[in-house]
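Spelled out, the chains give:
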Amino acid sequence: MNLGELVSALSDFASPSLAESWDNVGLLVEPSPPHVVNTLFLTNDLTEEVMEEAVQKKAELILSYHPPIFTPLQRVTWGSWKERLVVRALEHRIGIYSPHTAYDAIPHGVNSWLAKGLGACTSVPLHPSTAPHYPTEGPHRVEFCADSTELETLLSKIKDIQDISSITTLPARVEGEEQTRVSLNCSQKALLEVVALLCKNSSLYHKTEILLLQKPLLPHTGMGRLCTLSEPVSLLTMIERIKSHLKLAHIRLAVGKGKTLESPVKKVALCAGSGSSVLKGVKADLYLTGEMSHHAVLDAVADGISVILCEHSNTERGFLSELRDTLAIHLQNKINIIVSEKDRDPLQVA
């Protein structure tokens, strides 16, 4: 597949607009065109060891779940390992694409995969995603009524304001008088100018309504998951299920205040990767994530919530095998998709 065609297909699979605002997602390194991709190489973290594996396997595009370029690079030299990744990628004409939190949000993404280890359950996003665009242009709608004597001049001034859209007029009867109802959509900045204009006429201002246009929520899409088990199980049983799903010999555990290993678990709040901010304040029997701050764990335990930590990328990496199969169908088996064998969490139990 042509690189542009493949990137478009990856965006259709998980729109980059679903990623968190702080994230750096999409195509990060692009070889000069034309660039044809026969082999797509999947990894959770793009390290130098993984890059060499991609070179050996003659990949033309690396999909790295975590973006290897996150903060801006001031130079591209051989001096630091992340800069060397860019050098090696361009030398071998390998593109780099990162989806990161876009894959966290989608219904068929990382968090939904992580929830499969809990057993039969229903789940909803902890922080639902909203549609990337407002229902109409501009986040605000302004509606007011004016009589014919002032309408033409007023509309002329409004049309001179930038970021005004969808101006409509309809006949209206207000307090027995024939008037015109004006409706328009505008940006936050334009709203201030429109209100300032209407304030010059007190009768207009008092007949003005300002509406905030809410972006609709996307079903089953968003950060984290709150999972309700079909049948409660003991904390000990849940630990064994999670270790089996993630193929881990060990996890880290903090038992909630007043709880034991035999305490029932019915609700699990989870977040792949780092969960402190996503899980904060959520009512559940158990928090499942890769890592949390020390004080976030103390807060959870004090609230009677047990915490299981599995290390950051251990809660993400297993998704890659499922992703390989799902992308193969999405891309109609047009390219070869392989998963890194060198990719692993940097933290090990010694």
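Computed from a prediction, not measured in an experiment: that's the story for all the values here.

A. Region of interest: the packing of aromatic side chains. Taken as a whole, this structure holds 3 aromatic pairs when the rule is applied. Both rings, one in Phe13 and one in Tyr103, keep their centres 5.7 Å apart while their planes meet at 75 degrees; by these two values the pair is edge-to-face. Of the two residues, Phe13 sits in helix H1 (residues 3-13) while Tyr103 sits in helix H4 (residues 101-105), which places them 90 residues apart along the sequence. Just above the ring of Trp78 sits the side chain of Arg84; from NZ or CZ to the centre is 5.9 Å.

B. How the structure looks around the environment of Lys207. Residue placement: Lys207 occurs in the loop between helix H8 (202-205) and strand E10 (209-212). Distance from Lys207 to Val174, taken between C-alpha atoms, is 9.7 Å for residues 33 residues apart in sequence. In contact with Lys207, other than residues within four places in its own chain, are Glu143, Phe144, Cys145, Val174 and Gln179.

C. View of the UniProt feature "binding site: a divalent metal cation" (unreviewed entry) in the protein chain. Mapped onto the present numbering, the UniProt feature "binding site: a divalent metal cation" (unreviewed entry) falls on His66, Asp104, His312 and Glu316. The greatest C-alpha distance among the residues just named is 13.4 Å, despite their covering 251 residues of sequence, which places them together in space. From this annotated list, the subset lining the second largest pocket comprises His66, Asp104, His312 and Glu316. Looking at the element boundaries, His312 is found in the loop between strand E16 (306-309) and helix H12 (319-330). Leave out the neighbours within four places in its chain, and His312 touches His66, Gly273, Ser274, Gly290, Glu291 and Asp345. A polar contact is formed between the side chain of His312 and the side chain of His66, at a distance of 3.3 Å. Position of Glu316 among the secondary structure elements: in the loop between E16 and H12. Exposure remark for Glu316: the relative accessible area of 2% places this residue in the buried category. Beyond its immediate stretch of four places on either side in the chain, Glu316 contacts Asn44, Tyr65, His66, Val110, Trp113, Ala272 and Gly273. A distance of 3.1 Å separates a polar atom in the side chain of Glu316 from a polar atom in the side chain of Asn44.

D. How the structure looks around the side chain of His100. Looking at where His100 falls in the secondary structure, it is placed in the loop between strand E4 (95-98) and H4. On the basis of relative accessible area, His100 is assigned to the buried category, the value being 10%. Ignoring any residue separated from it by four or fewer positions in sequence, one finds His100 in contact with Trp22, Asp23, Val25, Tyr65, His66 and Pro67.

E. Inspection of the nonpolar core at higher detail. One finds Tyr103 and Leu327 to be the most contacted residues of the largest nonpolar core, which totals 51 residues. In terms of residues, this core owes the most to one element, H1, which gives 6 residues. Looking at which domains feed residues into this core, each of domain 1 (3-104 + 317-339) and domain 2 (106-129 + 220-309) gives three or more. Those residues in contact with Leu327 that sit more than four places away from it in its chain are Leu10, Phe13, Leu40, Leu42, Leu63, Tyr103 and Ile337. Membership of the second largest hydrophobic core comes to 18 residues, among which are Val142, Leu155, Ile161 and Cys186.

Basis of the calculations
- Residues numbered from 1 in each chain as written.
- Predicted model: local features only at pLDDT ≥ 70, side-chain atom pairs only at ≥ 80, totals over all residues.
- Heavy atoms only, no water.
- Phe/Tyr/Trp six-rings, centres within 6.5 Å; stacked < 30°, edge-to-face > 60°.
- Helix = DSSP H or I, 4+ residues; strand = E, 2+ residues; numbered from the N terminus.
- Lys NZ or Arg CZ within 6 Å of the ring centre and 35° of its normal.
- Contact = heavy atoms within 4.5 Å.
- UniProt positions renumbered as here; feature names shortened; annotations may be inferred.
- 1 Å grid on protein atoms, 1.4 Å probe; cavity = no way out; pocket = protein on both sides within 12 Å on 5 of 7 lines; lining within 4 Å.
- Polar contact = N/O pair within 3.5 Å; in protein donor to acceptor, adjacent residues only side chain to side chain.
- Buried < 20%, exposed > 50% of the residue type's maximum accessible area, 1.4 Å probe, protein only.
- Core = buried A, V, L, I, M, F, W, Y, C linked by side-chain atoms within 4.5 Å.
- Domains from an automatic or database assignment.

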